[in-house]
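Chain and residue survey
Below, each chain spelled out in residue letters.
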Amino acid sequence: AQAVPAALLPADAGDGAVPGALLRQDEQLELLERLDFVVRNIVELRKEVEELRNSLQELAVEIVGEVRSHLEETQRVARRRKFPFSRERSDSTGSSSIYFTASSGNANTDDGESEGGYTTANAESDYDRESERESEDEVSCDTVRTMRRDSLDLVPEDESPLLPDSSLEEGLGQLLEQADRLHSGDERDKREGFQLLLNNKLAYAGQQEFLWRLARARCDMWELTEDADERRSYAAEGKEELELALQKWDQSAECHQWFAILCGQVSEHESIPKRIQAGYVFKEHIDKAIALKPQEPQLYYLLGRWCYQVAHLGWLEKRTVSALFEAPPTATVQDALQNFLRVEELSPGFSKAGRVYIAKCYRDLGNASAAVLWMNLASELPGNTKE
């Protein structure tokens, strides 16, 4: 009786009147369901408005940061072009790589050390410093007039403003080799690898092999970082970089692969409809990567994960998919199992997590003995990742 709104009471009822059963039980249940539906929608709307407000604030901070970063990089390039002859830097700076700068972003000192951590052959004269300040002022005005040049714009491969072609190619080869080694290491190595690539973005931003490795490093940082805002930033920046890269290198399996992964990482911070939409994009680019590189086991592992998640969509997700999309994604546990077994076929023991998923698939299909077998096989592999 207390659940019946006061508006449903008879007009002549006094303050002490007890509301009668004016609605049938099924009508009361229907009314309560509608009220519950309205309340849930209001709560979700409030959350989305709050997320939008936070996103706008973060976007404003990000734009200011990128403008400042680009201005600093432009000034750094101007200085290097003006003083092209530098002393050879020794390895005593503590850096583990020849590509690291000893002191990134520091102002010039009187002993002639430049911002990039190199020492010029001769200390700057007063005239040189005055000319440099004028050059920086021109660069600053130029930057303000154009707001900012997008830091993700791809530099043509035949442009190498700082290094000759031969030096660029040789340095790139050494850089990529070191980045791959660090990516395969522990948490400290992965952080070092990300910083290594970030420090060299200005020189190699127009190289396909460099860009997808930088995106991979951003994925590493996403996994290593606990802060939600930082994770969102790593994933969003990597996704934006590879969007531009795919406009130029649509036949790169690695670009498609890491773009798909970054789409999935970005969607983890978004609403259910956006996560579902990201799932479509993920599947599209993984399929393209498999078509370009059909012998890569990691691609089948990722496709298996997608199939497994689609097969286990909850009731709310399924209703949302049916409401928003004409052709909902379909996949079964059997589809997921076939992809995980394909990984083992191409590279036995490729992934500890892959074997665990094989066990989960067999468990879901009711084959307990096979599930136990694959869990035992998974336990034999080392676990060197959080996953």
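The residue numbers shown here count from 1 along each chain, following its written sequence. At least 70 in pLDDT is required for a residue's local features to be given in this predicted model, at least 80 for side-chain atom pairs to be given and counted, and no such filter applies to totals for whole chains, interfaces and linings, which use all residues. Just so you know, side-chain values use all the structure's heavy atoms and leave hydrogens and water out.

Once that is clear, we can look at the overall build of the protein chain. Working definition: helices are DSSP H or I runs of at least four residues, strands are E runs of at least two. Numbering for both runs from the N terminus. Helix and strand counts for the protein chain stand at 14 helices and zero strands. The order of α-helices and β-strands along the protein chain, N terminus first, is α-α-α-α-α-α-α-α-α-α-α-α-α-α. Each of the 387 residues in the protein chain was classed as buried or not, and the buried ones make up 34%. Contact definition: two residues touch when any of their heavy atoms are within 4.5 Å. Contacts in the protein chain between residues far apart in sequence, at least 24 positions, make up 64% of those at least 6 positions apart. Of the roughly 23,500 Å² of accessible surface on the protein chain, a fraction of 52% belongs to carbon and sulfur atoms. Here the term buried applies to any residue with accessible area under 20% of the maximum for its type, exposed to any over 50%, and partly exposed to those in between, with areas from a 1.4 Å probe on protein chains only. For the area figures, the Shrake-Rupley method with a 1.4 Å probe applies, and any residue is considered shielded solely by the protein chains shown.

Moving on, we come to the UniProt feature "coiled-coil region" (unreviewed entry) in the protein chain. UniProt positions are given in the numbering used here, feature names are shortened, and annotations may be inferred rather than shown by experiment. Per the UniProt record, "coiled-coil region" (unreviewed entry) is found at residues 35-62. Between the end C-alpha atoms of residues 35-62 there is a gap of 40 Å, over a span that is 100% helix and 0% strand.

Just to be clear on terms, a salt bridge is a Lys or Arg side-chain nitrogen sitting within 4 Å of an Asp or Glu carboxyl oxygen. Considering all chains together, one arrives at 17 salt bridges under this definition. Between aspartate 36 and arginine 40 there is a salt bridge; the shortest N-O distance is 2.1 Å. Here aspartate 36 pairs with arginine 40, and both are found in helix H1 (residues 25-82), just four residues apart, close to one helical turn. Note on arginine 40: relative accessible area 42%, which makes it partly exposed. Measuring nitrogen to oxygen at the nearest pair gives 2.8 Å for the salt bridge that ties glutamate 254 to lysine 293. On the criterion of sequence distance, the pair formed by glutamate 254 in helix H8 (residues 253-267) and lysine 293 in the loop between helix H9 (272-292) and helix H10 (297-311) is long-range, its members being 39 residues apart. Through salt bridges with shared partners, one network takes in Asp180, Glu209, Arg213 and Arg216.

This paragraph deals with the nonpolar core. Membership of the largest hydrophobic core comes to 47 residues, with the highest contact counts inside it found for Leu242 and Ile286. Contributions of two or more residues to this core are made by helix H6 (208-224), helix H7 (228-248), H8, H9, H10, helix H12 (333-346), helix H13 (352-364) and helix H14 (368-379). When residues of this core are assigned to domains, at least three map to each of domain 1 (173-294) and domain 2 (300-386). Among residues more than four places away in sequence, those in contact with isoleucine 286 are Gln257, Ala260, Leu299, Leu302 and Leu303. Throughout, nonpolar core names a set of buried Ala, Val, Leu, Ile, Met, Phe, Trp, Tyr and Cys residues whose side chains join them through atoms within 4.5 Å. Ranked by size, the runner-up nonpolar core spans 15 residues in total, among them Leu175, Leu176, Ala217 and Met221. Source of the domain bounds: an automatic or database domain assignment.

Our focus in this paragraph is the environment of threonine 225. Of note, threonine 225 is situated in the loop between H6 and H7. Overall, the relative accessible area of 7% leaves threonine 225 in the buried class. Among residues more than four places away in sequence, those in contact with threonine 225 are Glu230, Arg231 and Tyr234. Any pair of N or O atoms that falls within 3.5 Å is considered a polar contact. Within protein, one atom must be able to donate a hydrogen and the other to accept it, and sequence-neighbouring residues count only if both atoms are side-chain atoms. Reaching out from threonine 225, the side chain makes a polar contact with the backbone oxygen of methionine 221 at a distance of 2.7 Å.

This part covers the packing of aromatic side chains. Geometry of aromatic contacts follows a simple scheme: Phe, Tyr and Trp rings, the Trp one being its six-membered ring, pair when their centres are within 6.5 Å, and the pair is stacked under 30 degrees between planes, edge-to-face over 60, tilted otherwise. Going through the model one piece at a time under the given rule, you end up with five aromatic pairs. When the ring of tyrosine 301 is compared with that of phenylalanine 340, the centres are 5.9 Å apart and the planes differ by 55°; the resulting orientation is tilted. Taken together, the residues tyrosine 301 in helix H10 and phenylalanine 340 in helix H12 connect sequence positions 39 residues apart. Grouping residues by exposure puts tyrosine 301 and phenylalanine 340 together as buried. An aromatic cluster of three or more residues is present, and its members are Tyr301, Tyr308, Phe340 and Tyr357.

Here we take up H13. Expected helix span is taken as 1.5 Å per residue step, with the number of steps being one fewer than the number of residues. With 13 residues, H13 ought to run about 18 Å at 1.5 Å a step, and its terminal C-alpha atoms sit 19 Å apart, in line with that. Looking at the buried positions of H13, the neighbouring elements they touch are H10, H12 and H14. N-capping of H13 is provided by serine 351, with a side-chain oxygen placed 3.2 Å from the backbone N of alanine 353. A positive backbone phi angle near 90° is found at glycine 366, which sits one or two residues after H13.

A word on the environment of isoleucine 261. Structurally, isoleucine 261 is set in helix H8. In this structure isoleucine 261 comes out as buried when scored by relative accessible area, which is 13%. In sequence terms isoleucine 261 and arginine 216 are 45 residues apart; their C-alpha atoms lie 9.0 Å from each other. Beyond its immediate sequence surroundings of up to four residues, isoleucine 261 is in contact with Cys219, Phe282 and Leu302.

This brings us to the packing of helix H4 (residues 187-199) against H6. Axis angles are defined between N-to-C directions and span 0 to 180 degrees, where every axis is a line fitted to C-alpha atoms and, for a helix, only to the segment in contact. Packing of H4 against H6 leaves a shortest axis separation of 9 Å and a crossing angle of 140°. In terms of orientation, H4 and H6 fall into the oblique class. Every pair of crossing elements has a handedness; the one defined by H4 and H6 is left-handed. Contacts between H4 and H6 pair Glu187, Lys190, Arg191, Phe194, Leu197 and Leu198 from the former with Phe210, Arg213, Leu214, Ala217, Arg218, Asp220, Met221 and Leu224 from the latter. The labels follow the angle: roughly parallel below 35 degrees, roughly antiparallel above 145, roughly perpendicular from 65 to 115, and oblique for the rest. Less than a right angle of anticlockwise turn of the near helix away from the far helix marks a crossing as left-handed, whereas a clockwise turn marks it as right-handed.

In contact at an axis separation of 9 Å, H7 and H8 are set at 145° when each is read in the N-to-C sense. Pair H7 / H8 crosses with left-handed handedness. In this structure, H7 contributes Tyr234, Ala235, Ala236, Gly238, Lys239, Leu242, Glu243, Ala245 and Leu246 to the contact, and H8 contributes Cys255, His256, Trp258, Phe259, Leu262, Cys263, Gln265 and Val266. The residue makeup of the contact of H7 with H8, split by class, is twelve nonpolar, three polar and two charged. Three categories are distinguished: nonpolar for Ala, Val, Leu, Ile, Met, Phe, Trp, Tyr, Cys and Pro, charged for Asp, Glu, Lys and Arg, and polar for the others, with Gly belonging to the last.

Under the 1.5 Å per step criterion, the end-to-end length of H4 is 19 Å for 13 residues, consistent within 8% with the ideal 18 Å. Within the sequence span of H4, burial applies to Lys190, Gly193, Phe194, Leu196 and Leu197. Along H4, the residues classed as buried sweep out an arc of 160° about the axis, all on the same side. Two to three positions downstream of the cap, the backbone nitrogen of arginine 188 sits 3.3 Å from a side-chain oxygen, assigning the N-cap of H4 to aspartate 186. Along the arc lie the directions from the helix axis toward the C-beta atoms.

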